[in-house]
Amino acid sequence: MDSEMVNKLKVMANRLRIHSVNATNASNSGHPTSCASMAEIMSVLFFHTMKYSVKEPKLYTNDRFILSKGHAAPILYAAWAEAGLFPASELLNLRKISSDLEGHPTPRLSFVDVATGSLGQGLSFAAGMAHAGKHMDKLSYRVFCVIGDGESAEGSIWEAAAFAAHYRLDNLVAILDVNRLGQSDPTPLQHSAEVYKARMEAFGWHAIVLDGHNVEQLVAGFNEAARVKDKPSCIVAVTFKGKGFIGVEDQLDCHGKPLGAKTDSALANIRDALSGPAPGLCPAMPTESAPAPLDAGGEEAALRLSRPPGYKLGELVATRLAYGNALVKLGEASRRVVALDGDTKNSTFSLKFAQAFPDRFIECFIAEQNMVGVAVGIAARRRRVVFVSTFAAFLTRTFDQLRMAAISQTDANFAGSHAGVSIGEDGPSQMALEDLAMFRSLPGSTVFYPSDAVSAERAVELAANTSGICFIRTGRPNQPVLYGDDTAFAVGKGHLVRQSEADKLTIVGAGVTITEALAAADQLAKRGIAVRVVDPFTVKPIDAELLRQSAAATGNRVLTVEDHYPEGGLGEAVAAALPGVPVRRLAVGAVPRSGKSQELLAMFGIDSEAIVRAALEMLA
C-alpha cells in the first residue's frame, strides 16, 4: 500500500478507539480496553478488506462480520458509524434503554446477523454462514470472525475449527485477538502466538502470525488468506489490551471499565485523530448480484409436504421415523430445506433426507454445540429452512447456543428423538427428561409433542412455517397411528382422541403416554367409567381453551401423564392453563435406570395401570 492509505487506516483505528472510549464513558459501562486491542483489525477489515454495502447491511452478497468477543461491541458500532450508516453522535446512546446499541450485539441492529456475547459461539455462527455461501449458494462472499484469546478456552471454538477445516471453508477467516489478558487473570497462553498457530494448523487451518497493530501486516495477512484454497485461515494477531491508552495499556485490572477520569491523560497521544478531518475511507462494494429465489413461489411461500403422510390407522410407526419421512417430503417441495445431524442420522432418520438430498444435508458429527451454532449461522442468511436433529438428551448441552439463538431472533427447527424412559435399555444418560422444560423456557419458542406418525409429519410441516425456535419431540418406540391424513393440525390446537358425554375425568398425555392413556381408558370403560383423552399436540403454546372445556365437562378432574420429569413439562403447562383447577400429575419422579420400555413406564408410574389407579383415586 502507499503511505497515504497506511496513514488513513492508522487514523481510522484511533478514531475507532476514541469513539469506543466516549461511548463507554457516556454509558458509564462497557469494555473500551477490549475495543482498543482490535482497533487496527477493525480499521483494515471495514475500510480496506471487506466488501459490503453500507446502505444495505443485509445484502446477501456482502462479506459478513461476526464479533465473537461481543463485549467489544462499541468498536463494531463505531466502525459502522464511520462507514456512514448512522451519525457518530448516536454512539453516545450506547447501552441506553432507548437505543439498539446494546452492551453486546443483537440483530435489532441491521448490521448484526447473530447475537454474541456469550463467549465461544461466534466461530460456529461464522462457519454456518461460510458453509451456506460456499457449498449451497456458490457465492464469493467471505466471512470474518474476531475471536478473543480468552474465549478460545471454550470447547465450542475447537468444535467449530474442526468443522470448518473438514468442509474446507476457504471463505472463512478467523482473527484471533491475542491481547494476553482475560477478565480477572492473564490468559493461559498469554502472547504465545506460535502455540495458537500450531493449534490452528493441527486442526487443518492456514495460520498467520502477525502484529495486530501493524496496518501493513494486517493488509498482507488478509490478502494472503484470500489466496488460500480448500482450508480456512486464521490471523493470529498479537495485540495489547487498551492499546494506545497511556497508563492503561496491557494492565490487568482494566477489563470492563470505562476510562472515566483517566480519559484525558490516557488519550493524550491519539486524541487528535478526532479533531482532524475524517480519513475519507469508503468500503468496497460487492461485485456479485443477489442470488435468485430458491423456489418458484418466492422465498416467503409457505412450505407444504409434497404428499400426505399416508399411514394406516392403527399401524405401528415411530414418530422419529415419521420425522425423517416428512423431511424428505419437505425437501421435495422446496430447495430451501436443509438438514443437520450430529452422527445420529440413522436413529433420528434424518438419514432419509441425507440420502435424498446429499447436497442439502450437513453431517456435524458429535459436536452438538457447534451443530446448533452452524444452524443459527445458516438461518441468519434468511434463505434456508433449517432442521437440526439428534437425541433430545444431547440437545441439553446446547442450551447456551439455543438461548443465544433466541436472542438472535433465529428461525430454526430442532428435532429431539429418544425422549423419556420409554427408550428402554440404553439407560438414563440417553433419556431426555428435561428437554420440554428447556425448550419451553426459550422466548418465542414453539414446542411440538406429536403422538403418532401423522401428527409428527404435520409438526414438521408446521415448524417449517413457524417463526422462532421450534422443537419437535420424537420417540423411539413404535406408536399406533391415531389420525387420518385429512386431520387438521395447527400450532396451539389439541385434539380429543376419546370423548363422550358421560366422561368423568380428563386425561392429558402426549407421545407414548397417549397410548398408555387410551389403554387406561379401555380398562376404566370395563368398570363403567368413561374418561376423555386429550392430545395437546403443542405443549407451547398449549390449547388452553380445549383444556378448559374438557375440565369443565369432567367436573374439573384433570390428570396429566408424561414421560418427562415433573418440572417444566406437560403437567406444568396444563396446570398453568387451568388456574384454580387441581391437576394431578404423573411424571418420572426420580433418576431412571436401564430396563425394558414397559418395565420403566410401570416403575415410574406412567403406564396404563398407574393411570387407572390414579383415576380411581381421583373418582373415589
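None of the values given here were measured: they were computed from a predicted structure.

1. Observations regarding the side chain of R180
Okay, step 1: Turning to its location among the elements, R180 is positioned in the loop between β3 (172-178) and α7 (193-202).
Okay, step 2: Owing to a relative accessible area of 16%, R180 belongs among the buried residues under this scheme.

2. Examining the environment of L402
Okay, step 1: With respect to the helices, strands and loops of the structure, L402 is situated in helix α16 (residues 399-407).
Okay, step 2: Under the relative-accessibility criterion, L402 is labelled buried at 0%.
Okay, step 3: The contacts of L402, once residues within four sequence positions are left out, are V372, L395, F414, M438, F439, L442 and I469.

3. Observations regarding unusual backbone geometry
Okay, step 1: With an omega of -5°, the peptide bond running from K540 to P541 counts as cis.
Okay, step 2: Assignment of secondary structure puts P541 in the loop between β17 (538-540) and α20 (544-553).
Okay, step 3: Positive phi values are uncommon outside glycine, yet Q190 reaches one of about 45°.
Okay, step 4: Residue position: Q190 is located in the loop between β3 and α7.
Okay, step 5: Phi is positive for N556, close to 55°, though the residue is something other than glycine.
Okay, step 6: Structurally, the position occupied by N556 is in the loop between α20 and β18 (558-561).

4. Details of the pairing of strand β2 (residues 143-148)
Okay, step 1: A large share of β2 lies buried, amounting to 6 of its 6 residues.
Okay, step 2: Residues V143, C145 and I147 point to one face of β2 and F144, V146 and G148 to the other, with burial holding for every one of them.
Okay, step 3: Pairing of strand β1 (residues 64-67) with β2, which is carried by 4 bridges, proceeds in the parallel orientation. Paired with R64 across the bridge in β2 is V143.
Okay, step 4: With 6 bridges connecting them, β2 and β3 associate as parallel partners. Residue pairing for β3: V146 is matched across the bridge by I175.

5. Overview of the packing of helix α1 (residues 3-27) against helix α4 (residues 73-83)
Okay, step 1: It is at 9 Å that the axes of α1 and α4 come closest, and there the two elements cross at 120°. In terms of axis orientation, α1 runs oblique to α4. The handedness of the crossing between α1 and α4 comes out as right-handed. For the pair α1 and α4, contact is made by M12, R15, L16, H19, S20 and T24 and by P74, I75, A78, A79 and E82, respectively.
Okay, step 2: Class assignment for the residues of the contact of α1 with α4 results in 6 nonpolar, 3 polar and 2 charged.

6. Quick look at the sheet that holds strand β9 (residues 385-391)
Okay, step 1: Reading across the sheet, the 7 strands line up as β8-β7-β9-β10-β12-β11-β17 and stay open at both edges, with mixed pairing between neighbours. In this open sheet, the two edge strands, each paired with only one partner strand, are β8 (361-363) and β17. The mean inter-strand angle of the sheet, taken between neighbouring strand axes irrespective of direction, is 20°.
Okay, step 2: Bridging between strand β7 (residues 337-341) and β8 involves 3 bridges; their strand directions are parallel.

7. Comments concerning the pattern of salt bridges
Okay, step 1: Using the criterion set out here, one finds 30 salt bridges in the structure.
Okay, step 2: When the shortest N-O distance is used, the salt bridge between R383 and D137 registers 3.2 Å. Taken together, the positions of R383 in the loop between α14 (368-380) and β9 and D137 in the loop between α5 (122-136) and β2 put the pair 246 residues apart, joining distant regions of the chain.
Okay, step 3: Judged by relative accessible area, which is 6%, R383 ranks as buried.
Okay, step 4: Here D137 falls in the buried class, since its relative accessible area comes to 13%.
Okay, step 5: Residues participating in the shared-partner salt-bridge network are K58, R64 and D113.

8. Comments concerning the UniProt feature "domain: Transketolase-like pyrimidine-binding" (unreviewed entry) in the protein chain
Okay, step 1: According to UniProt, the feature "domain: Transketolase-like pyrimidine-binding" (unreviewed entry) maps to residues 317-481 in the numbering used here.
Okay, step 2: Strand forms 21% of residues 317-481 and helix 42%; the C-alpha atoms that close the span are 7 Å apart.

9. Topic: the nonpolar core
Okay, step 1: Counting 88 residues, the largest nonpolar core has L123, L172, W205, L340, F414, F439 and V574 as its most contacted members.
Okay, step 2: What F439 contacts, discounting residues up to four positions off in sequence, is L395, L402, F414, S445, V447, I469 and F471.
Okay, step 3: In this structure, A23, Y52, F144 and F222 belong to the second largest nonpolar core, which totals 50 residues.

10. A word on the domain arrangement of the protein chain
Okay, step 1: The assigned domain composition of the protein chain is domain 1 (3-273), domain 2 (315-481) and domain 3 (495-619).
Okay, step 2: Look at where the C-alpha atoms of domain 1 and domain 2 centre, and you get two points 33 Å apart.
Okay, step 3: Contacts between the two partners involve 30 residues from domain 1, matched on the other side by 25 residues from domain 2.
Okay, step 4: In total, domain 1 and domain 2 occlude about 2300 Å² of area from one another, counting both sides; carbon and sulfur atoms represent 59% of this.
Okay, step 5: At the boundary of domain 1 and domain 2, one finds 2 salt bridges.

11. Quick look at the sheet that holds β1
Okay, step 1: Read across the sheet, 5 strands follow the order β1-β2-β3-β5-β4 without closing on themselves; strand pairing throughout is parallel. The outermost strands of the open sheet, each flanked by one partner alone, are β1 and β4 (206-211). Taking the axes of each pair of neighbouring strands and ignoring which way they run, one obtains an average angle of 20° across the sheet.

12. Some thoughts on the side chain of E516
Okay, step 1: Mapped onto the elements of the fold, E516 is located in helix α19 (residues 512-526).
Okay, step 2: For the buried E516, no salt bridge is present, and the opposite-charge side chain at shortest range is R613, 10 Å distant.
Okay, step 3: Within polar-contact distance, the side chain of E516 engages the backbone nitrogen of S608 at 2.8 Å.

13. Section: the packing of aromatic side chains
Okay, step 1: Per the stated rule, a full pass over the model turns up 18 aromatic pairs.
Okay, step 2: A centroid spacing of 5.1 Å and a plane angle of 20° characterise the contact between W80 and F111, whose relative ring orientation is stacked. Of this pair, W80 sits in helix α4 while F111 sits in the loop between α4 and α5, placing them 31 residues apart in sequence.
Okay, step 3: Aromatic pair F391 and F394: ring centres 5.2 Å apart, planes at 10°, arrangement stacked. For the pair shown, F391 and F394 are each scored as buried.
Okay, step 4: Joined through ring pairs, the aromatic side chains of F46, Y52, F65, Y77, W80, F86 and F111 make up one cluster.
Okay, step 5: The ring centre of Y141 lies 5.0 Å from the NZ or CZ of R381, which sits over that ring.
Okay, step 6: Over the aromatic face of Y60 sits the side chain of R383, whose NZ or CZ is 5.3 Å from the ring centroid.

What counts, and at which threshold
- Residues numbered from 1 in each chain as written.
- Predicted model: local features only at pLDDT ≥ 70, side-chain atom pairs only at ≥ 80, totals over all residues.
- Heavy atoms only, no water.
- Helix = DSSP H or I, 4+ residues; strand = E, 2+ residues; numbered from the N terminus.
- Buried < 20%, exposed > 50% of the residue type's maximum accessible area, 1.4 Å probe, protein only.
- Contact = heavy atoms within 4.5 Å.
- Pairing = 2+ DSSP bridges.
- Axes fitted to C-alpha atoms, helices over the stretch in contact; angles between N-to-C directions.
- Parallel < 35°, antiparallel > 145°, perpendicular 65-115°, else oblique.
- Left-handed = near helix turned anticlockwise from the far one by under 90°.
- Nonpolar A, V, L, I, M, F, W, Y, C, P; charged D, E, K, R; others polar.
- Salt bridge = Lys/Arg side-chain N within 4 Å of Asp/Glu carboxyl O.
- UniProt positions renumbered as here; feature names shortened; annotations may be inferred.
- Core = buried A, V, L, I, M, F, W, Y, C linked by side-chain atoms within 4.5 Å.
- Domains from an automatic or database assignment.
- Buried area = accessible area lost by both parts, 1.4 Å probe.
- Lys, Arg positive; Asp, Glu negative; His and termini not counted.
- Polar contact = N/O pair within 3.5 Å; in protein donor to acceptor, adjacent residues only side chain to side chain.
- Phe/Tyr/Trp six-rings, centres within 6.5 Å; stacked < 30°, edge-to-face > 60°.
- Lys NZ or Arg CZ within 6 Å of the ring centre and 35° of its normal.

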